[in-house]
Structure formats: structure tokens, C-alpha cells
Amino acid sequence: NRMTRGAIILAYHSIGLNPLFFTVSPKEFRRHMAWLYGQRFNVVSLETLAGYLTRGTIPPKTIAITFDDGYEDNFTNAYTVLREYGFQATIFTTTNDIGSEGGERIPLKKLSEMQIREMEASGTVSVQPHTASHRKLVHLPGERVRHEVLTSKTYLEEMLGKKCEHF
């Protein structure tokens, strides 16, 4: 049984009311978190999960929650629910577009530095790098891949005064 021998990572993107395929509505997200809480899942941070993996023992029913790309609705719609249930999560954000209004391809506002700092300071959300520009790394030469990864890592480490251990 996977839930007794390992862990599951739930990967979300947008938590909002928009037609994009990767979006979960705020009501549905709350329902997911309420179910995890009611079923007494061991919802842990990625740091805690990494510690379990290092020790070679993962408690039953362990889950980590992540969000990709750093959409503002992670702050406005998910952060409060996570705090309400006492769940920790990780947001992987692209750094070139922090605070932007969104682009033509994906018209969703991105997290601001203030929102990132608030969530990080709360201990509820750890913010980690997700490249500088969200380019598909498999299509880039090695030097450009290194630039995408290290630029986003360095930016967040300097902004948040911490070591970014996850990508």
C-alpha cells in the first residue's frame, strides 16, 4: 500500500475562479483540505518529508502540498485555508515575474514580494525557486539551464534570507 510505504505530493497551480485547465476552485480546494484533515493525514512540509527520506522512515498517510508558478491566488485563496487547518505547503515561484499582472498566455496575476515575505514569515508556506522565466529546460542549452536555476535560487535566497533547498 503506497500510503504506508511512501508519501504523496499534491501539486496544485492556481486556486481560483478561472477557466484555465490547471485551476482548482477555492471551494474545491477547501474541500480537499477538509478531507485530508478529517482523514487525519500527516500533512508535512517538503523539508520534513526530506528528513523522513534521509532517515528512511516515512510515517503512514504522509502528504506534502505544493503549488507551482507563484500565482497570487495562492495567497488570496489557499494561504488562509492552509493556516486554518495547520497545514504547511511549498510554493515554487518563477522569479522574473514576481508582482506581474500576468501575460497573454496565462493572464493570472503573480505573487508580490510582500505576499511572499508574509507567507514565508508565517511558517505556513515555504517559497522555493521554479526557474527565472519558466522556460522548458529540456529545450535550453546547459548554460542557460544553469542560469535559469541559479538566478531564481539566488534571488529568493537574498530576498528571504534563507537557503533554498528545493527546486
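Residues numbered from 1 in each chain as written. Predicted model: local features only at pLDDT ≥ 70, side-chain atom pairs only at ≥ 80, totals over all residues. Heavy atoms only, no water.

**A few points about the nonpolar core**
- Formed by 30 residues in total, the largest nonpolar core has its most connected members in Phe29, Met33, Ile65, Phe67 and Leu82.
- Listing elements by their share of this core, those giving two or more residues are α2 (26-38), β5 (62-69), α4 (73-85), β6 (89-93), α5 (113-122), β7 (125-129) and α6 (142-160).
- Considering each element in turn, this core owes the most residues, 6 residues, to α4.
- If sequence neighbours within four positions are ignored, phenylalanine 29 has contacts with Tyr12, Ile15, Val24, Phe67, Asn77, Ala78, Val81 and Leu82.
- Val44, Tyr52, Ile58 and Phe92 belong to the second largest nonpolar core, which has 7 residues in total. (Core = buried A, V, L, I, M, F, W, Y, C linked by side-chain atoms within 4.5 Å. Buried < 20%, exposed > 50% of the residue type's maximum accessible area, 1.4 Å probe, protein only. Helix = DSSP H or I, 4+ residues; strand = E, 2+ residues; numbered from the N terminus. Contact = heavy atoms within 4.5 Å.)

**What to know about the side chain of histidine 166**
- Among the secondary structure elements, histidine 166 is positioned in the segment after α6.
- Once residues lying within four places of it in the same chain are set aside, the contact partners of histidine 166 are Leu46, Glu47, Ala50, Phe92, Gln128 and Pro129.

**Overview of the packing of aromatic side chains**
- Overall, the coordinates contain 10 aromatic pairs when judged by the stated rule.
- Plain terms: the ring middles of phenylalanine 29 and phenylalanine 67 are 5.9 Å apart, the flat faces sit at 55° to each other, and that makes the pair tilted. Note that phenylalanine 29 is positioned in helix α2 and phenylalanine 67 in strand β5, a separation of 38 residues in sequence.
- Among the residues examined, phenylalanine 67 registers a relative accessible area of 1% and is labelled buried.
- Here a set of aromatic residues connected by ring pairs shows up, and it is made of Tyr12, Phe29 and Phe67.
- For the cation-ring pair, arginine 83 lies above tyrosine 79, with the distance from its terminal atom to the ring centre recorded as 4.4 Å. (Phe/Tyr/Trp six-rings, centres within 6.5 Å; stacked < 30°, edge-to-face > 60°. Lys NZ or Arg CZ within 6 Å of the ring centre and 35° of its normal.)

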